[in-house]
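Here is what each chain is made of, one letter per residue.
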Amino acid sequence: MHCVSSTVHVPDVGAVPRHIAIIMDGNGRWATQRKLPRMAGHTKGVDAVRTTVESYSNSGIGYLTLFASSSENWRRRRAEVSFLMRLFASVLIRETARLDDYGIRLRIVGDLSMFGAGLRALIQRAEAKTAHNSHMTLTIAANSGGRGDILRAIRRLLEQTAADERSALIDDASFAQHLALAYAPEPDLFIRTGRERRISNFLLWQLAYTELYFTDTFWPDFDDATLEAALASYRTRERRFGRANA
Ligand code: IPE
Ligand code: IPE
Ligand code: MG
């Protein structure tokens, strides 16, 4: 399956989103509020990922995309960056079998060239082990950024398209095929936890007509009730995609 562009065709939408994309923010502040080191917030955040993935896998939502680290998070202190990478590796080791039991296909997107060979091998193994699953696709965006994704897609298109064919062949669909999330429909619902009201270079192309939901809850406190509040808000939205409502 590949993206059907919401700016070319009005997508079929229902009361339940097909794809939810979440910026899991607020781990550091969750910990600081409790006088704990920021790392404790990241560790606790993994529990919220586990419960969220399990709830989603029962809800009929086909695609869940979680923003785990951005291409700008390298600006943090080295100790935090390396802690996050070790945490990612340990989660892959501990949780892949469980994802497989739930019928979840795992995909990791982002610029993985900055990761060590060990972590890249774990990613490859986890993706291969779950590749046959079709119940739900869980995408973890790691060292990921919307602008970088768009630029990579442009480079690939230019490589693959002869100069005299470019203006005819480059369109929404051919472009989106080269984005990291080409296999998923555009998100219906975007959730950002942790109080900030911004996109922070997440899926810039795909969020064109996504419904946005912001909650003050810090990510480690995200639970079924917070998710249900987001879904309830989504059900009240009238998605017009540029059309008049009459
Ligand atoms: C989100 O929590 C997790 C990552 C970006 C890795 P933060 O670490 O950004 O937490 P705050 O925003 O500082 O509270
Ligand atoms: C966005 O959160 C990235 C993730 C949650 C992975 P940040 O905490 O990095 O975003 P800013 O810096 O507050 O915009
Ligand atoms: Mg943050």
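Structure: above.
The present account deals with the structure reproduced in this document.

### Overview of the site of ligand 1
Next up, step 1: Residues in close proximity to ligand 1 total 13 residues, the closest being Asp25, Gly28, Arg29, Arg38 and Arg76.
Next up, step 2: Aspartate 25 places a side-chain nitrogen or oxygen 2.8 Å from an oxygen atom of ligand 1.
Next up, step 3: For ligand 1, an oxygen atom lies 2.9 Å from a polar atom in the side chain of arginine 38.
Next up, step 4: Coverage of ligand 1 by the protein chains reaches 87% of its 380 Å² of free accessible surface.
Next up, step 5: Elements with a contribution of two residues or more to the shell around ligand 1: helix 1 (27-33), helix 2 (38-57) and helix 3 (78-101).
Next up, step 6: For the shell around ligand 1, the element with the most residues is helix 1, which contributes three residues.

### With respect to the pairing of strand 2 (residues 63-67)
Next up, step 1: Of all five residues in strand 2, five are buried, a share of seventy percent or more.
Next up, step 2: Sheet topology places strand 1 (residues 19-23) next to strand 2; five bridges connect them, and they run parallel. When the sheet's bridge partners are listed, histidine 19 is paired in strand 2 with tyrosine 63.
Next up, step 3: One ladder, built from five bridges, connects strand 2 with strand 4 (residues 136-141); its direction is parallel. From the neighbouring strand, phenylalanine 67 faces strand 4, where its bridge partner is alanine 141.

How each quantity is defined
All residue numbers refer to positions counted from 1 along the written sequence of the respective chain. As a convention, the first chain written is A and the first ligand written is 1, with the rest following in written order. pLDDT decides what is reported in this predicted model: residues at 70 or higher carry local features, side-chain atom pairs at 80 or more are listed and counted, and totals for whole chains, interfaces and linings draw on all residues regardless. In computing side-chain properties, one takes all heavy atoms of the structure into account and sets aside hydrogens as well as water. For each residue, the test is whether any non-hydrogen atom lies within 4 Å of the molecule or strand; if one does, the residue is near. We define a polar contact as two N or O atoms separated by no more than 3.5 Å, with the added condition that, inside protein, one atom must be a possible hydrogen donor and the other a possible acceptor, whereas residues neighbouring each other in sequence contribute only through side-chain atom pairs. All accessible areas in this document rest on Shrake-Rupley with a 1.4 Å probe, and a residue is counted as covered only by the protein chains that are shown. Helix and strand assignments come from DSSP, with helices taken as H or I runs of at least 4 residues and strands as E runs of at least 2, each series counted from the N terminus. Only protein chains enter the accessibility calculation, which uses a 1.4 Å probe; a residue is then buried when its area is under 20% of its type maximum, exposed when over 50%, and partly exposed in between. Should DSSP find at least two bridges between two strands, the strands are taken to pair.

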